[in-house]
Amino acid sequence: MLPLKIDIIKHPNETDGKSTAVHAKLLAPEFVNIYTYPCIPEYEEKDHEVALVFPGPKSISIKDLSFHLQKRIQNNVRDKNDPEKPSVKRKKTEEQDLNDSKGQDTTLKKIIFIDSTWNQTNKIFTDERLQGLLQVELKTRKTCFWRHQKGKPDTFLSTIEAIYYFLVDYHTDILKEKYQGQYDNLLFFYSFMYQLIKNAKCSGDKEMRKLIH
């Protein structure tokens, strides 16, 4: 059982055989939905309870999620009460608001991931339907993916890695609970493939050494 619903926006050129997004759908079908671009659900009215996991200059850390979602709720209420009047400056500083938001339950209900090669993500990421969403970046995690893309940092994760690490960090940083392997099963197919490829590579290296010597 996952604590959040997950939407995956898949690039049309991303084949199911290479995509790790399928792992999540197979292992948690009730919580995961996959949409093939340009099909994207409407998130505009729910931007206070949805976030997009994607790196960038505007991205925040998971630890700051509650604060920024609370800010969106406050802004939405203010706009509904008086949509034509400019926003009034908050009486409290953002630092005070951040302290006030600590301990409050996050309103996050759904998290979105883009499933694509990194060179193809821009078309989906720049879609106006995703532009207003809060962005979250997993800055401290490193990929173990066997098809690491040349020229990209090792913090650029595969889809299933991003899903797994987000849930682990969400569990500890937002839910404030000790992680005890609750989401490890999401990596079942991934770890199986990783070990398979690692063993094949080792076997290939051994054969190569035999030929050399």
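Above this text you will find the structure in question.
Note that the structure is predicted; figures quoted are calculated from it, not measured.

*Asks:* So what exactly am I meant to see when it comes to the packing of aromatic side chains here?
*Replies:* A full pass over the atoms with the stated rule returns 7 aromatic pairs. Measuring from centroid to centroid gives 6.0 Å for Phe166 and Tyr170, while their planes differ by 20°, and the two rings are stacked. Taken together, the residues span about one helical turn, with Phe166 and Tyr170 both in helix α6 (residues 159–173) at a distance of 4 residues. Following the ring pairs from residue to residue traces out a cluster consisting of Phe54, Trp118 and Phe125. The ring of Phe31 is capped by Lys5, whose NZ or CZ atom sits 5.1 Å from the centre of that ring.

*Asks:* In this structure, what is going on with the pattern of salt bridges? I would like to understand it.
*Replies:* Where charged atoms of side chains with opposite charge meet at close range, the side chains can pair. Under the counting rule described, the total for this entry stands at 5 salt bridges. When the shortest N-O distance is used, the salt bridge between Asp7 and Lys110 registers 3.5 Å. Taken together, the residues span a long stretch of sequence, with Asp7 in strand β1 (residues 5–10) and Lys110 in strand β4 (residues 110–115) at a distance of 103 residues. We classify Asp7 as buried; its relative accessible area is 1%. With a closest N to O distance of 2.6 Å, Arg141 and Asp169 form a salt bridge. With Arg141 in the loop between β5 (134–136) and α6 and Asp169 in helix α6, this residue pair connects regions lying 28 residues apart in the sequence. Overall, Arg141 belongs to the partly exposed group, its relative accessible area being 22%. Here Asp169 falls in the buried class, since its relative accessible area comes to 12%.

*Asks:* Just checking my understanding: could you explain the sheet that holds strand β2 (residues 32–36) for this structure?
*Replies:* Two modes of strand pairing occur in sheets, parallel and antiparallel, and in both the strands are linked by backbone hydrogen bonds. With respect to topology, 5 strands assemble into an open sheet ordered β2-β1-β4-β3-β5, the strand pairing being parallel. Every interior strand has two partners, whereas the edge strands, β2 and β5, have only one. Across this sheet, the average inter-strand angle for adjacent strands is 30°, counted without regard to direction. When β1 meets β2, the two strands line up parallel, connected through 5 bridges. Across the sheet, the residue bridging to Ile8 is Ile34, located in β2. On the sheet, α6 packs against β1, β3 (50–53), β4 and β5 and is oriented at approximately 155° with respect to β4.

*Asks:* Is there a simple way to explain the side chain of Lys10 in this structure?
*Replies:* Checked against the element boundaries, Lys10 lands in strand β1. A relative accessible area of 9% places Lys10 in the buried class. Among all residues touching Lys10, those that are not within four sequence positions of it are Asp16, Ser19, Ile34, Tyr35, Thr36, Tyr37, Asp115 and Ile124.

*Asks:* Would you mind going over the pairing of β3 with me for this structure?
*Replies:* Within a regular beta strand, the side chains point alternately toward one face of the sheet and then the other, so they alternate between its two faces. Across the two faces of β3 the burial is the same, with Val50 and Leu52 and Ala51 and Val53 all buried. Where β3 and β4 come together, 4 bridges link them in parallel fashion. Residue Val53 lies in a different strand from β4, and its bridge partner there is Phe113. Across 3 bridges, β3 lies against β5 in parallel orientation.

Analysis parameters
Residues numbered from 1 in each chain as written. Predicted model: local features only at pLDDT ≥ 70, side-chain atom pairs only at ≥ 80, totals over all residues. Heavy atoms only, no water. Phe/Tyr/Trp six-rings, centres within 6.5 Å; stacked < 30°, edge-to-face > 60°. Helix = DSSP H or I, 4+ residues; strand = E, 2+ residues; numbered from the N terminus. Lys NZ or Arg CZ within 6 Å of the ring centre and 35° of its normal. Salt bridge = Lys/Arg side-chain N within 4 Å of Asp/Glu carboxyl O. Buried < 20%, exposed > 50% of the residue type's maximum accessible area, 1.4 Å probe, protein only. Pairing = 2+ DSSP bridges. Axes fitted to C-alpha atoms, helices over the stretch in contact; angles between N-to-C directions. Contact = heavy atoms within 4.5 Å.

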